[in-house]
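Structure at a glance
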Amino acid sequence: MNQLAPQTRSRIKQALRGQRVETASWAYGNSGTRFKVFPQEGVPRNPYEKIADAATVHRFTGVAPTVALHIPWDKVDDYADLATAAAGQGIALGTINANVFQDDDYKLGSVTNPDPGVRRKAIDHLLECVDIMDQTGSRDLKLWFSDGTNYPGQDDVRTRQDRLAVALGEAYDRLGGDQRMLLEYKLFEPAFYMTDVPDWGTAYLHCVQLGERAQVVIDTGHHAPGTNIEFIVAVLLRAGKLGGFDFNSRFYADDDLMVGSADPFQLFRIMHEIVQAGALDPRAGIAFMLDQCHNIEPKIPAVIRSVMNVQEATAKALLVDHDALRAAQDNGDVLDANAVLMDAYNTDVRPLLRELREDMGLDPDPIAAYRRSGYFERVRQERAEGQAAGWGA
Ligand code: PSV
Ligand code: MN
């Protein structure tokens, strides 16, 4: 690592300094599996307190200046006031995530429900989310639909696609200025026979039909085991249709664990595609978000660790010698080409990241600094009374 040429070192640090990772408000609230939610101490009781936790993550990492909201979990009377509160703590409100999956009416789907009244209600929620974006100054509307069917024959696949297209079209037409629609896909769950947006191809088809400001979002936990996610990244980047990521880590299904924990090599391979395409710079418009649940580990340090994992994978991707890689590829040198990638991946980038943090006026060890800060002890006392936020609030 120390033999790195000074120009290379500063190029990598420069890129890492500009990197942005958005954290999710719901990661700070209580969460669990369908078997049990284990409540934690010091958990935020409202969106303002979630923002305080997100700002704390940014304070120690320096690269997480926005927090995504989920509506209605983060519903407030005055979103401009919430945005002001965020700004006062050095962060901004980010992506607005719609929620059309928790109402009794949505048993047979939301925007693809056979009942036109339910479809109307779901579309109205999407439009409400754009109203909120106008007030928060958010750029992105993220849509994930739990819609699908459990049994063959339960509903007509093509009719459901038509209903989906109508709903997306209405929400898309409501977008203004620089606002974008990010469409998320998921192979299964809660529907088990088929979901209405199961894969990147379906999401892509709808986004192409909608227009330039509709893009696909890749949630890393939403694929079949063994899926080559970096291939999807490369293909969508080439088509100009990759809008962003919901980062998390999975061993089995949609585990929502800390990104980079199960398979840091996969995260590196994803970031390698991003770096190669010049898409790391925030101006490239790719939103790097975390969509995780910290069910058994303390939440704020888990989010800090996740941000650091993304930084480590990115630093390794930035280390790849692109000229050497291209030369080996052009020569058909399989072993050398693979070795170039593996050399970068096997480099310990932690000293470089510590140096970067010091350059940025941060503590080189964000988790230790967080623990020393006394933040947790303070919020544990301050938030002892009242109802902790969770998936329903
Ligand atoms: C669905 O599994 C998902 O990934 C979507 O992004 C939701 O909005 C999110 O999880 C939060 O539960
Ligand atoms: Mn997601």
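Further up the page is the structure itself.
What you are looking at is a predicted structure, and each value in this text was computed from that prediction instead of being measured. (Residues numbered from 1 in each chain as written. Chains lettered and ligands numbered in written order. Predicted model: local features only at pLDDT ≥ 70, side-chain atom pairs only at ≥ 80, totals over all residues. Heavy atoms only, no water.)

Quick look at the overall build of the chain now. A count of helical and extended segments in the chain gives 14 helices and ten strands. A globule of 393 residues ought to have a C-alpha radius of gyration of about 21 Å, and the chain, at 21 Å, matches this closely. Across its three principal axes, the chain shows a C-alpha extent of roughly 65 × 55 × 40 Å. Looking at the 393 residues of the chain, the share that counts as buried comes to 53%. In the chain, the proportion of contacts linking residues at least 24 apart, taken out of those at least 6 apart, comes to 77%. Only carbon and sulfur atoms are counted for the fraction: they give 51% of the accessible area of the chain, which is about 17,500 Å². The centroid of the 41 positive side-chain charges in the chain is displaced by 3 Å from the centroid of its 56 negative side-chain charges. (Helix = DSSP H or I, 4+ residues; strand = E, 2+ residues; numbered from the N terminus. Rg over C-alpha atoms; globule rule 2.2 N^0.38 Å. Buried < 20%, exposed > 50% of the residue type's maximum accessible area, 1.4 Å probe, protein only. Contact = heavy atoms within 4.5 Å. Areas by Shrake-Rupley, 256 points an atom, 1.4 Å probe, with all protein chains shown as cover. Lys, Arg positive; Asp, Glu negative; His and termini not counted. Charge placed at Lys NZ, Arg CZ, Asp CG, Glu CD.)

Let us look at the site of ligand 1. What surrounds ligand 1 is the set W26, H70, W73, W144, E184, K186, D219, H222, D246, D254 and D291. Separating an oxygen atom of ligand 1 from a side-chain N or O atom of H222 is a distance of 3.1 Å. A distance of 2.8 Å separates an oxygen atom of ligand 1 from a polar side-chain atom of D291. For ligand 1, whose free accessible area comes to 310 Å², the fraction covered by protein is 90%. Of the residues belonging to the shell around ligand 1, the class tally is three nonpolar, two polar and six charged. (Near = heavy atom within 4 Å. Polar contact = N/O pair within 3.5 Å; in protein donor to acceptor, adjacent residues only side chain to side chain. Nonpolar A, V, L, I, M, F, W, Y, C, P; charged D, E, K, R; others polar.)

Attention now moves to the packing of aromatic side chains. One pass over the structure, following the stated rule, counts 14 aromatic pairs. Ring centres of F60 and Y370 lie 6.1 Å apart, and the angle between their planes is 85°; on these two criteria the pair is classed as edge-to-face. Separated by 310 residues along the polypeptide, F60 in helix α2 (residues 47-61) and Y370 in helix α13 (residues 366-373) bring together distant segments of the chain. Take Y370: its relative accessible area is 6%, and that puts it in the buried class. Seen from their ring centres, F265 and F268 are 6.0 Å apart, and the 15° between their planes marks the pair as stacked. (Phe/Tyr/Trp six-rings, centres within 6.5 Å; stacked < 30°, edge-to-face > 60°.)

The next point concerns the side chain of T56. Here T56 shows up in helix α2. Ignoring any residue separated from it by four or fewer positions in sequence, one finds T56 in contact with I300, Y370 and Y375.

With that out of the way, let us pick up unusual backbone geometry. Omega for the peptide link from I71 to P72 comes to 15°, which places this bond in the cis form. Within the secondary structure, P72 sits in the loop between β2 (66-71) and α3 (79-88). The omega angle of the peptide bond from E189 to P190 is 5°, so this bond is cis rather than trans. Tracing the sequence through the fold places P190 in the loop between β6 (180-184) and β7 (194-195). In this model, E189 sits at a positive phi of 80°, which is unusual for a non-glycine residue. Note that E189 resides in the loop between β6 and β7. Residue class for E189 comes out partly exposed when judged on its relative accessible area of 32%.

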